[in-house]
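Below, each chain spelled out in residue letters.
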Amino acid sequence: MTLFYQIYRVEVDSGVESVQLPCTVHLPEDVSVEWTDRINRKVHVYQNSSDQPGEQDDLYRGRTEMKRNLKTGDVSLTLKYLTDRDRNTYTCTAYNKERNILMMKQVILEVKVCQVEVEEGAESVQLPFKTTADLPGDTYVEWRLYEPKYMMVHVYQDSSVKSDRQNKNYRERTEMKEDLLRTGDVSLTLKSPKLTDTGEYRCNVISEEGNIRRRKTVDLKVKERIQIKDQTVDMRNRSSSTDPTPLMADQSI
């Protein structure tokens, strides 16, 4: 009979660099450890005294690091480059050599959607998204507006911007960094933000086969610019009843 000794809950913001999913239990040193998500995708695999990155699902490759201190029982997992898509239930399972389950623990991870605010009239605003570096050259990146209505905002494919696929409301108003595949920085700069730009944006990083490798949601709020009225008083128009220094009158000789 399988028992979950403990269920953890962890909550973080989308913009944090990494999060640790805790798992500590005293086990023999020759165990195998697997971290999986809700739909049984392999998040991280430790077997034969080493990590097995080839066993990971593409969604998690290059984004995980597991503590391997089996003497203290600490096999906690660090998950990097977080987005709201990582909101999930993760299971840590330890097996013996015969693949019998020795232990299972769960971590429920809540990742808040990224919130960005800017005032109308600003020069630009950035919708941030940093993921793993050295993305394949065939990577396709798209930014879309999903709410309050659907629009294609920006498309990057074959090392160039596909402006003909943009909605006209965003044409010549968007920009991404030139070395985005090398750095993994797929943030979008939106120029001259307007009130009508307020909404839910989503960036998809897609493989040549059409699989979504990475995804992030950003809620953008463009606030109305507050106009401060000019409080300057024209000294020549002040009432003489309140002006201690009356204006000089013309004198005739």
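Definitions and cut-offs
Residues numbered from 1 in each chain as written. Predicted model: local features only at pLDDT ≥ 70, side-chain atom pairs only at ≥ 80, totals over all residues. Heavy atoms only, no water. Helix = DSSP H or I, 4+ residues; strand = E, 2+ residues; numbered from the N terminus. Buried < 20%, exposed > 50% of the residue type's maximum accessible area, 1.4 Å probe, protein only. Contact = heavy atoms within 4.5 Å. Areas by Shrake-Rupley, 256 points an atom, 1.4 Å probe, with all protein chains shown as cover. Patch = residues over 30% accessible without salt bridge, like charges linked within 9 Å, V, L, I, M, F, W, Y side chains within 5 Å. Salt bridge = Lys/Arg side-chain N within 4 Å of Asp/Glu carboxyl O. Lys, Arg positive; Asp, Glu negative; His and termini not counted. Charge placed at Lys NZ, Arg CZ, Asp CG, Glu CD. Pairing = 2+ DSSP bridges. Axes fitted to C-alpha atoms, helices over the stretch in contact; angles between N-to-C directions. Phe/Tyr/Trp six-rings, centres within 6.5 Å; stacked < 30°, edge-to-face > 60°.

**Student:** Just checking my understanding: could you explain the overall build of the chain for this structure?
**Tutor:** In terms of regular secondary structure, the chain is built from 1 helix and 18 strands. In the chain, which comprises 253 residues, the proportion classed as buried is 42%. Taking as baseline every contact in the chain between residues at least 6 positions apart, the subset at least 24 positions apart corresponds to 60%. By element, 45% of the accessible surface of the chain is carried by carbon and sulfur atoms, the whole surface being about 15300 Å².

**Student:** Whenever I open this one, a negative patch on the surface confuses me. Can you help?
**Tutor:** Taken together, the side chains of Asp 138, Asp 158, Glu 208 and Glu 209 present a region of like negative charge at the surface. Locating Glu 209 in the fold gives a position in the loop between strand 17 (199–206) and strand 18 (212–223). You can call Glu 209 exposed: its relative accessible area is 59%.

**Student:** I would appreciate a short explanation of the sheet that holds strand 7 (residues 77–80) in the present structure.
**Tutor:** Hydrogen bonding along the main chain pairs the strands of a sheet, whether they run parallel or antiparallel. Within the open sheet, the 3 strands sit side by side as 2-7-6. Their pairing is antiparallel. The sheet is open, and its two borders are formed by strand 2 (18–21) and strand 6 (64–66), each paired with just one other strand. Adjacent strand axes in the sheet meet at a mean angle of 20 degrees when their direction is disregarded.

**Student:** What am I meant to see in the sheet that holds strand 18 here?
**Tutor:** Read from one edge to the other, the open sheet built from 6 strands follows the order 10-18-17-12-13-14, with strand pairing classed as mixed. Unpaired on one side and paired on the other, strand 10 (114–119) and strand 14 (160–161) mark the two borders of the sheet. Pairing geometry for strand 12 (residues 140–147) and strand 13 (residues 151–157), over 5 bridges, is antiparallel. Bridge assignment links Arg 144 to a residue of strand 13, and that residue is Met 152.

**Student:** What should I look at first to understand the packing of aromatic side chains in this one?
**Tutor:** The geometry of an aromatic ring pair comes down to the distance between the two centres and the angle between the two planes. This model, assessed by the stated rule, comprises 3 aromatic pairs. For the ring pair Tyr 60 and Tyr 90, a centre distance of 6.3 Å and an interplane angle of 80 degrees mean the geometry is edge-to-face. Separated by 30 residues along the polypeptide, Tyr 60 in the loop between strand 5 (50–51) and strand 6 and Tyr 90 in strand 8 (residues 88–95) bring together distant segments of the chain. Overall, Tyr 60 belongs to the buried group, its relative accessible area being 1%. Judged by relative accessible area, Tyr 90 falls into the buried class, the value being 0%. Seen from their ring centres, Tyr 146 and Tyr 150 are 5.7 Å apart, and the 85 degrees between their planes marks the pair as edge-to-face.

**Student:** Would you explain the environment of Arg 85 in this entry?
**Tutor:** With respect to the element layout, Arg 85 can be found in the loop between strand 7 and strand 8. In sequence terms Arg 85 and Val 111 are 26 residues apart; their C-alpha atoms lie 7.9 Å from each other. Dropping the residues within four chain positions of it, Arg 85 is found in contact with Leu 59, Ile 212, Arg 213, Arg 214 and Arg 215.

**Student:** Would you explain the pairing of strand 7 in this entry?
**Tutor:** Both faces of the sheet carry side chains from a regular strand, because those side chains alternate between them. Across the two faces of strand 7 the burial differs, with Leu 77 and Leu 79 buried and Thr 78 and Lys 80 not buried at all. Judged from the 4 bridges that link them, strand 2 and strand 7 form a sheet pairing that is antiparallel. Within strand 7, the position partnered with Leu 21 by the bridge is Leu 77. Where strand 6 meets strand 7, 3 bridges bridge the pair, whose relative direction is antiparallel. Following the sheet pairing, Met 66 is matched in strand 7 by Leu 77.

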